[in-house]
Amino acid sequence: MTTKTTTMQRGWSRGSYFLTKTTTPRGSHRRHHHEHVGFRFPHHAQRTQSNASAFAAKKKTTTTNATTSSSKSNDDDTNNKSDERHEKKKRENIEAAHHGHVSVLLSEVLDAFKPVKIQTHIDGTLGAGGHATKVLEQHKEEVKTFVGFDVDETAIEIARPRVERSLGVDDASGGEKKSNDGGVALHFVRNNFDQMRAALRDIGVDGADSILLDLGVSSMHLDRAERGFSFQNDGPLDMRMCGGTTSASSSSSSSSSLTAFDVVNGWSEEDLGRIFRDYGGERHWKLLAKRVCERRMEKPIETTLELVKALGNPPGKREKIHPATRAFQAVRIVTNDELGVIERVIPQAIEVLNPGGRLAIITFHSLEDAIVKKQFRKFAGVPESREPTVGRSAMMFLPPEEFDDASSSNPSSSPKIVKMINRKPIGASEEEIKVNARSRSAKLRVVEKL
Ligand SMILES: C[S@@+](CC[C@H](N)C(=O)[O-])C[C@H]1O[C@@H](n2cnc3c(N)ncnc32)[C@H](O)[C@@H]1O
């Protein structure tokens, strides 16, 4: 009975490519390799350090480095203890925030995967692991491999123990996956899901029976002011889902280094206006872009509340939503290249699926859904309509080759390799919308590989 947990990072750091992988025998010390070292190990062997203490050890290293560099400190022990307490509190807060993330369309996702015999499940947007744990619980009897991607390191730290618990391979369950006698391999990949094919090759996973993408940010991103997504609490104008530390890469390396600050302070008034209009659906896009550009002439806009102030109130009747909502959404979408990654991941995910395997995608924005719909139709061999599914204005932001693809009509070039499970997207029920307002705009589309 075996488990294997690997964590990978791949990305660009100060212009140089790096690939590091942490292979973690559950319960033993973390090892850092520059090559993949795959192995299986007995559950009860080498259990000398729990995940929690491995985390503490990692934090301690960070604290030690910080203390070394401030050589004037006379009371290292006290500082370390207080830093550790601070880190612990911070982690508790983060966990509380992330556990507050309510998974949308959960029963609909479970229904979509129910008929599939899942030996390998991939969650491309692990988040707090809400969907992943439920899918794994539902398919506990047959699952052999799980791969969870997230660009955000904190998400992985939070999801990992929850995923292990769902399979009964955590410490509390005695480390045994009771319902499956062949063991289970768990891989946690800190990378952009648009690198799916290469990342799976690196960890030796060559097919999947189910893949889920639950797009967008999690509550944790929105609730933590320091991540720079919040228009309620002040924070640096960042908005990178990867957090900007040793960042996970996208195929467009700029996507991990571009920050909201760069967009707000560096883009032309015309481009800001276009993104407010196309990605935010902001009616007063021209006015808001003008206001931002006037304000930044005085000094750079550095924080989220400075941006809120610069945007000001749009004219007209006060709406239910915060006046900065749409502009913030637009800046977040471009900062994380949220439409580009969907374009890039779908062909990879479909390629990776085993025959009979299913890909389920939850979107929250009409432009995201338009891309998913268009690509699913293409791979299902449905002739494209002459009308581009992606609106003209939005196509202005696609790279030229994607613009051509989005506007051309060539059904014969797309062999049918999937079938659509639902022709119309599945939305949230009235009951779900009542308890989780975020689900209002959620749409689920599912395809099955032939
Ligand atoms: C909506 S949350 C997922 C929540 C999760 N399904 C749950 O039930 O807990 C989306 C997560 O995907 C991650 N994410 C978003 N875009 C990503 C990308 N292109 N590659 C990898 N992770 C991404 C975010 O960091 C976030 O943690």
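Residues numbered from 1 in each chain as written. Predicted model: local features only at pLDDT ≥ 70, side-chain atom pairs only at ≥ 80, totals over all residues. Heavy atoms only, no water.

- The name given to the chain in an unreviewed UniProt entry is S-adenosyl-methyltransferase MraW, with the source organism recorded as Bathycoccus prasinos.
- The chain has a UniProt comment under Sequence similarities (unreviewed entry) that states "Belongs to the methyltransferase superfamily. RsmH family." (UniProt positions renumbered as here; feature names shortened; annotations may be inferred.)

1. Brief notes about the site of the ligand
Then comes step 1: Close contacts around the ligand come from 25 residues, with Ser103, His131, Asp150, Asn192 and Asp214 the closest.
Then comes step 2: Within the backbone of Gly130, one N or O atom sits 3.0 Å away from an oxygen atom of the ligand.
Then comes step 3: For the ligand, a nitrogen atom lies 2.8 Å from a polar atom in the side chain of His131.
Then comes step 4: Within the complex, the protein chains bury 98% of what would otherwise be the 600 Å² of accessible surface of the ligand. (Near = heavy atom within 4 Å. Polar contact = N/O pair within 3.5 Å; in protein donor to acceptor, adjacent residues only side chain to side chain. Areas by Shrake-Rupley, 256 points an atom, 1.4 Å probe, with all protein chains shown as cover.)

2. Describing the pairing of strand E5 (residues 120-123)
Then comes step 1: Of the two faces of E5, the one holding Thr120 and Ile122 and the one holding His121 and Asp123 are both buried throughout.
Then comes step 2: Where E5 and strand E6 (residues 145-149) come together, 4 bridges link them in parallel fashion. Across the sheet, Ile122 pairs through a bridge with Val147, a residue of E6.
Then comes step 3: Tracing the backbone out of E5, into helix H4 (residues 130-138) and back to the parallel element E6 gives a crossover that is right-handed.
Then comes step 4: Sheet analysis places E5 next to strand E8 (residues 208-214), joined by 3 bridges and oriented parallel. (Buried < 20%, exposed > 50% of the residue type's maximum accessible area, 1.4 Å probe, protein only. Helix = DSSP H or I, 4+ residues; strand = E, 2+ residues; numbered from the N terminus. Pairing = 2+ DSSP bridges. Right-handed = clockwise from strand over helix to strand, strands pointing away.)

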